[in-house]
Amino acid sequence: MTGAQRRQQLIDVGRELFGRRGYEATSIEELAARASVSKPVVYGHFGGKEGLYAVVVEQEMRRLLDRFAAALSAGGHPRELLERAALVLLDYIEEDTDGFRVLTRDSPITDAAGHYSSLLGEAAHEVEHLLATQFRRGGYDPRLAGLYSQALVGMVALVGAWWLEDRSQGKREVAAHLVNLAWNGMGHLETRPRLSDDA
């Protein structure tokens with residue numbers, strides 16, 4: 001196995017273990033044993049468990065943000081963008097469960113300002129730019145886009161975490177209800193919400 005292949009193997013093992021057990025419950029010994037290497041190999045590639053965790057988090061953040069960018073780059077009506085964003089996150093939860101769990105657990109990694117690194121914050125920042133444009137067009141104060149983006153991303157992420165454990169409703173049904181609440185608000189909920197392409 002080449003050095004690059006070994007590094008990727010360790011990242012894959014770390015992603016699985018951090019996703020299933022969490023950062024604190026995963027030991028460097030377990031990571032090494034699962035990859036059939038010695039502890040010094042892990043230290044050599046990442047400097048330790050925290051270094052490996054940081055690489056796993058960065059890879060997952062990029063994977064999800066790339067999905068958001070691809071889904072939202074085509075533009076469209078604001079409701080369609082909201083629908084696509086909800087489905088992107090639910091697709092990610094369904095297809096990359098370990099990665100989602102890594103990103104939603106408490107993180108020991110901090111940024112230069114001492115804040116926990118946060119995928120949700122990154123995603124909300126991306127959504128904020130989209131909302132600010134829509135707010136300007138609609139005559140709303142674009143300075144409120146940050147507040148609304150945090151609310152929307154937080155709502156979808158928390159519902160996604162719930163849906164990961166409770167699959168009693170289908171993905172598109174969950175997305176339709178999320179969009180219904182976000183788009184119509186509590187005062188104008190549709191009684192039978194559907195995504196716009198489920199006509």
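Keep in mind that what you see is a predicted model, and the values were worked out from it rather than measured. (Residues numbered from 1 in each chain as written. Predicted model: local features only at pLDDT ≥ 70, side-chain atom pairs only at ≥ 80, totals over all residues. Heavy atoms only, no water.)

**Observations regarding the pattern of salt bridges**
Tallied over the entire structure, the rule returns 18 salt bridges. For the salt bridge of glutamate 165 with arginine 101, the shortest nitrogen-to-oxygen distance reads 3.2 Å. With glutamate 165 in helix 8 (residues 145–165) and arginine 101 in helix 6 (residues 97–104), this pair connects stretches of sequence that are 64 residues apart. Here the salt bridges share partners, and the residues they tie into one network are Arg15, Glu60, Arg63, Arg67, Glu95 and Asp96. (Salt bridge = Lys/Arg side-chain N within 4 Å of Asp/Glu carboxyl O. Helix = DSSP H or I, 4+ residues; strand = E, 2+ residues; numbered from the N terminus.)

**Quick look at a nonpolar patch on the surface**
Residues Leu144, Leu147 and Tyr148 make up a contiguous nonpolar surface patch of roughly 310 Å² in combined accessible area. Among the structural elements, tyrosine 148 can be located in helix 8. Taking relative accessible area as the criterion, tyrosine 148 reaches 42% and is therefore assigned partly exposed. (Patch = residues over 30% accessible without salt bridge, like charges linked within 9 Å, V, L, I, M, F, W, Y side chains within 5 Å. Areas by Shrake-Rupley, 256 points an atom, 1.4 Å probe, with all protein chains shown as cover. Buried < 20%, exposed > 50% of the residue type's maximum accessible area, 1.4 Å probe, protein only.)

**Section: the packing of helix 5 (residues 78–95) against helix 8**
Working note: a packed helix pair is described by the angle between its axes plus the distance between those axes. Close contact between helix 5 and helix 8 brings their axes to 10 Å; oriented N to C, the two are set at 35 degrees. Crossing handedness for the pair helix 5 and helix 8: right-handed. Residues Leu82, Ala86, Leu89, Leu90, Ile93 and Glu94 of helix 5 form the contact with helix 8, whose own contacting residues are Leu152, Val156, Ala157, Gly160, Ala161, Trp163 and Leu164. Tallied by class, the residues present in the contact of helix 5 with helix 8 amount to eleven nonpolar, one polar and one charged. (Axes fitted to C-alpha atoms, helices over the stretch in contact; angles between N-to-C directions. Left-handed = near helix turned anticlockwise from the far one by under 90°. Contact = heavy atoms within 4.5 Å. Nonpolar A, V, L, I, M, F, W, Y, C, P; charged D, E, K, R; others polar.)

**Describing the environment of glutamate 24**
Relative to the assigned elements, glutamate 24 resides in the loop between helix 1 (3–21) and helix 2 (28–35). Overall, glutamate 24 belongs to the exposed group, its relative accessible area being 67%. Spatially, the C-alpha atoms of glutamate 24 and lysine 49 are 9.7 Å apart, while their sequence positions differ by 25 residues.

**Focus on the UniProt feature "DNA-binding region" (unreviewed entry) in the chain**
UniProt tags residues 27–46 as "DNA-binding region" (unreviewed entry). Segment residues 27–46 splits into 80% helix and 0% strand. End C-alpha atoms: 14 Å apart. (UniProt positions renumbered as here; feature names shortened; annotations may be inferred.)

**Remarks on the UniProt feature "transmembrane region" (unreviewed entry) in the chain**
Taking the UniProt record as the reference, the feature "transmembrane region" (unreviewed entry) is found at residues 144–164. In residues 144–164, the share of helix is 95% and the share of strand is 0%. The end C-alpha atoms are 30 Å apart.

**Topic: the packing of aromatic side chains**
In the structure shown here, the tally under the stated rule is five aromatic pairs. Ring centres of phenylalanine 18 and tyrosine 53 lie 5.0 Å apart, and the angle between their planes is 80 degrees; on these two criteria the pair is classed as edge-to-face. On the criterion of sequence distance, the pair formed by phenylalanine 18 in helix 1 and tyrosine 53 in helix 4 (residues 49–72) is long-range, its members being 35 residues apart. Here tyrosine 53 falls in the buried class, since its relative accessible area comes to 1%. Arranged with centres 4.9 Å apart and planes meeting at 70 degrees, the rings of tyrosine 23 and tyrosine 53 form a pair that is edge-to-face. Remark: tyrosine 53 occurs in helix 4 and tyrosine 23 occurs in the loop between helix 1 and helix 2; sequence separation between them is 30 residues. Connected via pairs of aromatic rings, a cluster forms that spans Phe18, Tyr23 and Tyr53. Here the basic side chain of arginine 167 rests over the ring of tryptophan 163, its NZ or CZ set 4.0 Å away from the ring centre. (Phe/Tyr/Trp six-rings, centres within 6.5 Å; stacked < 30°, edge-to-face > 60°. Lys NZ or Arg CZ within 6 Å of the ring centre and 35° of its normal.)

**Regarding the packing of helix 4 against helix 6**
Where helix 4 contacts helix 6, the axes come no closer than 10 Å and their chain directions differ by 115 degrees. Accordingly, the angle class assigned to the pair helix 4 and helix 6 is roughly perpendicular. Here the hand of the crossing between helix 4 and helix 6 comes out left-handed. Mapping the contact onto sequence places Tyr53, Val56, Val57, Glu60 and Met61 in helix 4 and Gly99, Val102 and Leu103 in helix 6. In the contact of helix 4 with helix 6, the residues fall into six nonpolar, one polar and one charged. (Parallel < 35°, antiparallel > 145°, perpendicular 65-115°, else oblique.)

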